[in-house]
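Close look at the chain arrangement
Here is what each chain is made of, one letter per residue.
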Amino acid sequence: MTTIQEVPQDRLKSPFYSRQAELDRLNRWHEWKGYRSADGFYETALEYFAIRNSTGVFDLTPMTKYRISGADSLDFIDRLVTRDMRKIKPGRVAYAVWCDDEGQVIDDGTIFHLRQGEYRLCAQERHMSWLTAAAIGMDVSIVDETHDIAALAVQGPTSYSVLKNLGLDGIENLKPFGLDNFDFAGTELMVSRTGYTGDLGYELWISPDKAEALWDALFEAGKHHGIWAIGTEALDQARIEAGYIGAYIDFLPAHVTIRSGRSRSPLELGLEWLVDFKKANFNGRRALAEEKRRGSAWRLVKLDIEGNKPAHHSYIYASKGGRGKEVGFITSATWSPVCKQNIAIGTVRTPHGKVGDKLFVEIYYQREMHWSRVMAEATVVDKPFWDPQRRRATPPGPY
Amino acid sequence: MKTYDAIVIGAGHNGLTNAAYLAKSGLDVLCVEKNDYIGGATASRALYKDWLYSNCSYVCSLLRPEIYRDLELARHGLQVTPYGGGTVFMENGDYLGSYPDPEVHYREYARFSKADADAYEKYSADTMRQCRFIRDFLLRTPPDPASFKPKDLRELARLGNKFFEMSEQRMYDTIRFWTMSVAEYLDEYFETDVIKAALSGSGIIGTALGIHSPGTAYVLLHHYMGEVDGNMGAWGYARGGMGAVAAALANSFRSLGGELRTDAGVEQIVVKNGSVKGVALTNGEEIDSRIVVSGMDAKRTFLKCMDKSDLDPDFYQRIKNFKIRGSSGKVNIALDGMPTFPALPKGSPLLDGDMHFIDSMERMERAYDDWKDGTWSKDPYVDMVIPTTTDPTMVPPGKHFMSCFVQYCPAQIEGREWTSEECDQFGQTVIDQIAEYSPDFKDLILHAEIRTAQDIDEESGLTEGNIFHGELTMDQLMFNRPIPGYAQYRGPVAGLYMCGSSTHPGGGVMSAPGCNAAREILFDLKRPDITPVNFSED
Amino acid sequence: MNERYDVCVIGAGHNGLVCASLLAKAGKKVLVLEANDQVGGAAVTRTFADGFSVSACAHLLYQLQPQVRKELGLKFELSGDAIGTIALSPDGKHVRMNGKQVTGTSDEDAASYRDFCRRMTRFADLLKTYLNKTPPRLSKDASKADFLTLGQLGLDIRRLGRVEMQELLRIIGMNIFDELNERFENGVLRGALSLDAVLGTHLGPRSPNTILTYLYRLAGSHGTISAPAGGMSTVAEALAHCARDRGATIRTGMPVKRIIIENGRVAGVQTENGEQFSSRLVVSNADPKSTIMCLVSTRNVETGFARRIHNIRMRGNAAKMHLALDGLPAIDGVEEQEYGERFVVAPDDVYVERAFNAAKYGETSDKPVFEITFPSFRDQSLAPDGKHVMSAIVQYAPYSLKEGWSDAARQSFLDTAIDCLGEFMPDLKQKIVASEMLTPADIEKQFLITGGHWHHGELALDQFLFTRPVGGAQQYAMPLDGLYLCGAGAHPGGGISGAAGRNAAREILKREKAA
């Protein structure tokens, strides 16, 4: 009898781990899809300001990645997601959501049109089972390439200068949601102008065996541009400012909800702009059309809250006295250091939560062991809290 | 002579639970047990010097936490230690592990199929949803759909509301889940044979059905709905073996003023003028009581311990047709040391989990075919655990106790009694199967207790040795359990009640039937309801 | 230029014809396209050897719904009515059943049989009411009509009375094996009744659900069996006549290649030869899998629905055997005049269960079970003078045979079947002039039924009523605007009943009116 090697029992290490370990002084890690992922390497505020003032580098490797190809790949993707994928040409990236037949969001993610008919779907959660079901009756191949690609997010106002310095000629022409391939030490390096910070930024995708070399070269290129390795905590602050939602935080993947009514539709998540009813068929179309006709039950709101006490896990009320029932709750909250605003993302029952509505959040906070409670006024806002011009400028400026 | 308020027959976990609640309500309660030990099938016995065996039931997960807390079982000495993980050994030398950590579990499944590894998440969520749905009804009396009483209508409406709370598609999924076979259910999620084989076992444990028989998906729930420390589906060992559960319940019962007598088998439930009057013991003694509660299964209660003339012929016939089938046996083994399993790496956490030796759906189903032919499976489904890796108190230091639950094992061989040779052959079948994967196993065996379904029947008093006191098929669940019209714990004679696993919600060391029966008895006595309510499933 | 119709019906099976007739009767311009050269689908008479004809799939009539006959004014000639059953026993102690009467058993069994029939027909009658209705949706948003139907169902069950209601709720999920063993001591009787419960399914007598399948069989004419003169094509032709009479066009030899979809709704159909027909509505009498997977293509429906359709269990186990005979084979203990009866070879229920065992592992039964008729005995038009035809359903021959269905595998199963019958009909082999064995794979190919399953999808509680063909699509309308299902894959299921076709037509007309 031969002994079969046991699957790794510990957390997986990303191809960048050796470099991250060198930086690690605080020993702050958590698990992300089986990987060891950093909460942060430095004080969170320092990392956060790297994103907003210079460049933060975040290890994206644990993101789930699928390669989708085959004769029906476009039909497959187009039916899978709610937006019109026929408009996404090769070399372009699309942010998209996908739903089940009941129009409930399974996950959101980015879809890279690598070359004609070949796509990469990148998401936080795993979807092999759903993608396999979606492929029934279609000529399409789906390959999980999560572990085959190392990825870094390079985000912040100097990120363009860093990449330019890295020798990526032509990076100046890369538009938001564009992707291009470059040569790096004889290996193809894919760069997309995408991110989760709402700022100027890029994501770099490369074969794992070149990961360490890329890291080294990147930090060398950024050494005079304020480059910092960052962890999840700083990134999370930035993404709330940008108004981006997260799975298991602001919504639950529909197929893992146990209770009724705990999943959300794209309309309820403020993603109606991603739903193209002109498409003849896509997963969830019938249910979403019906929801549009009858009205949604929930609405995602971005809240500008008075004061400076972050409204984590707070109930939302329609009136200050909290009379009547709560109308919703906060799913993400933070103090925005760059805007100096107390901001949050929440979910409320319709008809509450229209842009401009005044709501109230019940904030509990602790000072020296004692808990206090405040009812803070919150205004529903339309735009992301942080949306600088540089995010869109092409070519980006040398900040 | 003294007249008790209530006599509970059988000191199994349900009998003791029932007795404890009646005593707690202030009644004068006597619990009688035929054996010289308590626990029924929830027992630890020293059948081999210095070894404590969990003879019948061997793991604990379903015991309702509401009852655990209410009867202060922790104070009365019960301690349940969770264990996790499991292994299916494969004929090709590989194995499939099941790890408590979800990411490691994912990696292991992904070794066989990424789609399967991913599908496990949805499978768990879908199955948990069903668990949640029925857990809500565990500590409730099933409504009688043929009744117009407000109480029944209210309960029916509640059931309907719970159902209609779901989204449309989930209602259909629920209907399908309740009616399909475990094999078909798994087919909808997984493609890998060994993964399906590993998960299908829970659909047939204790039932006389094969994995392809419709209705077996539901049986999964009887193995998934338990909890240890709020962790749904987790399994644990009672420290000191399963007898510790019975001991804690008995301590609780006694502390509430109850009286417990062992070696007091009931010959007959005495009925006079249409009401129970007490019980007659096998030693000739008669004890009077206004209420008699039977913790025995429905067949033993009515067919063996009652006078046929006290029962309505139609009722008698229907009890006769109640399906209690022996489908499983046990082999308990004292080991001189820990056997090695060369397929597993040294120090693998899987060695602390349960082990199985059937790696395909076809082998699972073929095991059932043998049973249908009236014999034990020649390639049986064995659920093997070594609790002493977690709980060393049961054996001398360095030694081990191995518990093998074996399916399928009929109560009779082709319609006649087992011979002792067949009994040995049955044990040998199990030992040989394990030895295939553990070369030193046979040499470590100090003693083996082989219990066929027939032995379990004779010793523990479970008809045909059926661990659930009756098949868990749709025709015998909820308001059909044990038979329609008698699902509310009341017997056909005034003062007679049922509190065993033949009643809703069925078997497993759950204690819910005992508690539910107490609620109905107290209702009839117009005493306040002191039984616990289900923890809310919100 | 495409021809325009109101409705295109794909497949002239009996349900397609019933549906087409009712739609045409309501004034719709209907086109029926049939792939084969004959109408009828699985209800056809075919010549399988020179001068010998037989009902090639279904060979007995016991489920045709009275509503269908009445609404269509359907008339055809019968060659036999109230056909009895002779359950053959190897020892010659055959059991004969007709209606509620049984002979050849003990008096206790006979009495018990009457009681069994009484109860079963009562439940079957209740079931029948709902076989002829569109199943309600289960949803808080369901229509008033849906809630009414649900309420009615609850009420009807209660109206059975306390005892019968309890009994129904108990046995509906049960297996026939236990019920028969509770009642009867005669193994041949148990075998025959259990065979009725499992014919055409992937179930054995011990499988839960088999009470339901048994009730389903009774839910037409209480199990009274008849046979049309000239075989099943007579019924199909009569139905086609009804349809044409009401103005429907039927075109045979026109296999449909695809359903044309424009802007997310059906717009017509295209045939294999390239012809296109426009229609706002398309009704498919094909099974749900081939309808969605092949004719529609999964890309035109949503993923969850496609997955559910993909998961429908529809692998047939029933093979059809046709023997051209020089004369009637002798059967010990059976009189000459009894050859018009239905014969059953299922000597006891355990035998049937063992025959099923093989099917679970993708093997054919060593000792299969049979439902046999000699249609030529009643109807000389089917065979040359003095010659005879045997038509038999032989189980179990699983569609997914492990070794695959080759010519050799088919021949081997035919040999097994004939050998097996030899025990009851010693001179059978000598009388065989020609033979034909249609395995489920052949039935799939020739009658275009995925899996060769005569119910177009296993008949089991998880694929019944609310969840047939799949949950959310039980009201004949598919989640693709303008597409309906009217075949056995829809509620209530297979058998020559016409219920699915009739229900579908009514649902279509109701929805058209509302629109």
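Scroll up to find the structure.
An account of the accompanying structure is given in this report. Since the structure is predicted, the reported quantities are computational estimates derived from the model, not experimental observations. (Residues numbered from 1 in each chain as written. Chains lettered and ligands numbered in written order. Predicted model: local features only at pLDDT ≥ 70, side-chain atom pairs only at ≥ 80, totals over all residues. Heavy atoms only, no water.)

1. A short note on the pairing of strand 1 (residues 3–10) of chain C
Residue and element names in this part refer to chain C. Put simply, the test is: One bridge is not enough; two strands pair if DSSP finds at least two bridges between them. Under the scheme used here, helices are H or I runs from DSSP no shorter than 4 residues and strands are E runs no shorter than 2 residues, and both carry numbers assigned from the N terminus. Seen with the strands pointing away from the viewer, any crossover whose path from the first strand over the helix to the second strand runs clockwise is right-handed.
With seven bridges joining them, strand 1 and strand 13 (residues 276–284) adopt parallel strand pairing. Paired with V9 across the bridge in strand 13 is V283. Relative to strand 2 (residues 30–33), strand 1 is paired through four bridges, and the arrangement is parallel. Its bridge partner being in strand 2, C8 is matched across the sheet by L31. Where the polypeptide runs from strand 1 across helix 1 (residues 14–25) and back to strand 2, its parallel neighbour, the crossover connection is right-handed.

2. What to know about the interface of chain B and chain C
Our working rule: In what follows, residue pairs with any heavy atoms lying within 4.5 Å of each other are defined as contacts. Buried area is understood as the total, over both parts, of accessible area removed when two parts are fitted together, assessed with a 1.4 Å probe. Only one rule defines a salt bridge in this text: a Lys or Arg side-chain nitrogen within 4 Å of an Asp or Glu carboxyl oxygen. We call two N or O atoms a polar contact when they sit within 3.5 Å, provided that within protein one can donate a hydrogen and the other can accept it, with sequence-adjacent residues counted only if both atoms are side-chain atoms. Here the nonpolar group is Ala, Val, Leu, Ile, Met, Phe, Trp, Tyr, Cys and Pro; Asp, Glu, Lys and Arg are the charged ones; every other residue, Gly included, is treated as polar.
If you look at the interface, chain B gives 43 residues, while chain C gives 39 residues. For the pair chain B and chain C, the two sides together bury roughly 3800 Å², of which 51% comes from carbon and sulfur. For the chain B face of the interface with chain C, the top three residues by lost area are F164, Y172 and K372 of chain B, together amounting to 16%. Across the chain B-chain C interface, the total number found is 13 salt bridges. Two residues, K360 of chain C and D369 of chain B, come together in a salt bridge whose shortest N-O distance is 2.6 Å. Joining chain B to chain C, the criterion identifies 26 residue pairs in polar contact (both at pLDDT 80 or more). Mapped onto the side of chain B that touches chain C, the elements with two or more residues apiece are helix 5 (150–164), helix 6 (168–179) and helix 13 (361–372) of chain B. For the side of chain B that touches chain C, the residue count by class is 18 nonpolar, seven polar and 18 charged.

3. Here we look at the interface of chain C and chain A
Of the residues lining the interface, 19 residues belong to chain C; the matching set on chain A comes to 19 residues. Buried area between chain C and chain A, both sides added, is near 1500 Å², and the carbon and sulfur share of it is 43%. On the surface where chain C and chain A come into contact, there are four salt bridges. In this structure, the salt-bridge partner of R299 of chain C is D72 of chain A, at a minimum N-O distance of 2.9 Å. Here the side of chain C that touches chain A gets six residues from one element, more than from any other, and that element is helix 11 (residues 303–311) of chain C. Here the side of chain C that touches chain A is composed, by residue class, of seven nonpolar, seven polar and five charged.

4. Brief notes about the sheet that holds strand 17 (residues 341–349) of chain A
Residues and elements named next belong to chain A. Keep this limit in mind: Axis lines are fitted through C-alpha atoms, for helices just across the contact stretch, and the angle between N-to-C directions can take any value from 0 to 180 degrees.
Strands sit in the order 14-17-16-15-18-19 around a closed barrel of six strands; the barrel is antiparallel. With direction set aside, neighbouring strand axes in the sheet form an average angle of 40°. Summarising the sheet, strand 15 (residues 315–317) and strand 16 (residues 328–336) pair through two bridges and their orientation is antiparallel. Pairing of Y315 across the sheet is with F329, part of strand 16. On top of the sheet, helix 7 (residues 232–242) reaches strand 16 and strand 17; it is set at about 110° to strand 16, its chief contact.

5. Looking at helix 2 (residues 44–53) of chain A
Every α-helix carries 3.6 residues per turn, so stepping three or four residues along brings you back to the same face. Applicable threshold: Relative accessibility thresholds used throughout: buried, under 20% of the residue-type maximum; exposed, over 50%; partly exposed, between the two (1.4 Å probe, protein chains only).
For helix 2 of chain A, the set of buried residues is T44, E47, Y48, A50, I51 and R52 of chain A. Looking at the buried residues of helix 2 of chain A, the elements they touch are strand 3 (55–59), strand 9 (150–155), strand 13 (227–229), helix 7 and strand 16 of chain A.

6. A look at unusual backbone geometry
All names here are of chain B. Omega for the bond connecting Q407 with Y408 falls within 30 degrees of zero, at 10°, which places this linkage in the cis form. With respect to the helices, strands and loops of the structure, Y408 is situated in the loop between strand 18 (400–407) and helix 14 (420–435). In this structure, the amide linkage connecting H504 to the following residue, P505, adopts the cis form with an omega of 0°. Among the structural elements, P505 can be located in the loop between strand 20 (496–498) and helix 17 (512–524). A positive phi is found at E72, a non-glycine position, where the angle reads about 55°. Following the sequence through the fold, E72 ends up in the loop between helix 2 (65–70) and strand 5 (80–83). One non-glycine residue, N273, lies in the positive phi region at around 50°. Inspection of the secondary structure assignment puts N273 in the loop between strand 12 (266–272) and strand 13 (275–281). With a relative accessible area of 79%, N273 lands in the exposed category.

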